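# Structural overview
For reference, the chains in residue letters:
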Amino acid sequence: MKTTLSRIALITSGLLLSTQLLAEPKRPECIAPAKPGGGFDLTCKLAQSGLKDGGLLKAPMRVTYMPGGVGAVAYNAVVAQRPKDAGTITAFSSGSLLNLAQGKFGRYDENAVRWLAGIGTDYGAISVRADSPYKTLSDLVEAVKQDPAGIVFGAGATIGGQDWMQTALIARAAGIDPQKLRYVAFEGGGETLTAMLGGHVQVTSSGLGEITPQLAAGKIRILAVLSDQRLPGKLAAIPTAKEQGYDIVWPVIRGFYMGPEVSDEDFNWWKQQFDTLLASEDFAKLREQRDLFPLSLTGDQLKAYVFEQVKQYKQLAGEFGLAQ
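The paragraphs below set out a description of the structure included in this document. (Residues numbered from 1 in each chain as written. Predicted model: local features only at pLDDT ≥ 70, side-chain atom pairs only at ≥ 80, totals over all residues. Heavy atoms only, no water.)

Along the chain, Ser127 turns up in strand β4 (residues 114-129). Given a relative accessible area of 0%, Ser127 falls into the buried group. Non-local contacts of Ser127, meaning those with residues more than four positions away in its chain, are made with Met196, Gln202, Val203, Thr204, Ile211, Ile220, Arg221, Ile222 and Leu223. (Helix = DSSP H or I, 4+ residues; strand = E, 2+ residues; numbered from the N terminus. Buried < 20%, exposed > 50% of the residue type's maximum accessible area, 1.4 Å probe, protein only. Contact = heavy atoms within 4.5 Å.)

Running from amino to carboxyl end, helix α7 (residues 189-197) crosses helix α8 (residues 208-216) at an angle of 35 degrees, the nearest separation of the two axes being 10 Å. For the pair α7 and α8, the sense of crossing is right-handed. Across the interface between the two elements, Gly189, Leu193 and Leu197 from α7 touch Glu210, Ile211 and Gln214 from α8. Looking at side-chain class alone, the contact of α7 with α8 contains 3 nonpolar, 2 polar and 1 charged residues. (Axes fitted to C-alpha atoms, helices over the stretch in contact; angles between N-to-C directions. Left-handed = near helix turned anticlockwise from the far one by under 90°. Nonpolar A, V, L, I, M, F, W, Y, C, P; charged D, E, K, R; others polar.)

What follows deals with the packing of aromatic side chains. Summed over all chains, the structure comprises 10 aromatic pairs. Taking the centre distance of 5.6 Å and the plane angle of 70 degrees together, the rings of Trp115 and Tyr257 count as edge-to-face. Taken as a pair, Trp115 in strand β4 and Tyr257 in strand β9 (residues 251-258) lie far apart in primary sequence, 142 residues in all. Per residue, the accessibility class of Trp115 equals that of Tyr257, and both read buried. Judged by centre distance (6.3 Å) and plane angle (25 degrees), the rings of Trp270 and Phe274 are stacked. Of this pair, Trp270 and Phe274 are both found in helix α9 (residues 264-278), 4 residues apart, which corresponds to roughly one turn of the helix. In this structure, Trp270 and Phe274 share a single accessibility class: buried. What links up through ring pairs into an aromatic cluster is the set Tyr75, Phe92, Phe105, Trp115 and Tyr257. The lysine or arginine in question, Arg114, covers the ring of Phe267, its NZ or CZ lying 4.2 Å from the ring centre. (Phe/Tyr/Trp six-rings, centres within 6.5 Å; stacked < 30°, edge-to-face > 60°. Lys NZ or Arg CZ within 6 Å of the ring centre and 35° of its normal.)

Shown next, in the form of structure tokens:
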């Protein structure tokens with residue numbers, strides 16, 4: 001009897017292994033919907049490294065870049081042109097959801113894709129060059145009050161986007177009309193940071209994970225991180241906006257979606273890989289190295305989170321007169 005059960009177990013495990021091998025895509029790809037160097041790039045490369053190091057992908061996953069509309073071009077391309085592509089995952093962030101809430105992705109809304117996995121949380125941050133005269137967030141706010149047009153803010157989005165919203169919330173809290181801010185939009189956080197380091201803008205609003213390498217290099221100063229309390233470890237010296245008198249908190253989810261017609265089998269294969277990845281201590285260390293914080297949501301849990309966030313962002317967009 002035991003021998004028979006053992007044979008059945010071997011056959012079953014063999015079938016499961018065969019199914020997994022069949023389900024694994026031959027040419028896995030992660031689309032970063034911006035130019036290299038920003039948060040989407042960070043998200044794709046984190047998954048690329050984690051899946052490879054964890055033995056969860058046998059074929060190397062390539063990262064491709066599809067800038068345009070801060071995610072809109074990629075979203076439309078996946079939905080309309082690659083809806084069944086089983087090998088493609090696309091990075092998204094809270095900024096993507098904010099744009100969806102404002103109708104900036106055209107005729108497609110949050111129902112148009114399959115939400116796969118949320119793998120980490122970042123936080124909004126306001127930074128300046130290391131040689132900037134602004135030492136604190138209050139220094140910057142006071143300067144903006146005196147001359148709103150005299151300071152140029154750079155951000156990887158258009159007006160109404162996530163980076164703009166972070167500065168707008170701080171401005172509103174300080175009694176400044178956000179519409180009076182002088183603002184330059186770039187296609188992605190990499191371009192924004194380059195512009196600030198080159199002196200073309202004075203302030204950058206971004207995700208924290210996008211700029212910590214430059215902080216470590218001594219090239220920038222972070223005036224505030226938009227977290228509820230100070231972050232742990234090497235980031236503990238960065239003050240929050242909240243402790244400086246501006247009660248603004250902006251977490252940034254980083255994750256992936258897939259095309260709307262990807263089969264359940266293919267979607268569940270990816271979900272299983274991410275479930276395994278997110279439970280790994282090695283991945284937790286890798287995520288920490290990229291200055292991201294724990295978040296583990298896949299499948300229906302992520303979908304529920306996304307829908308709730310979009311609902312909240314619609315309300316926020318209405319408050320700023322941005323809803324379409």
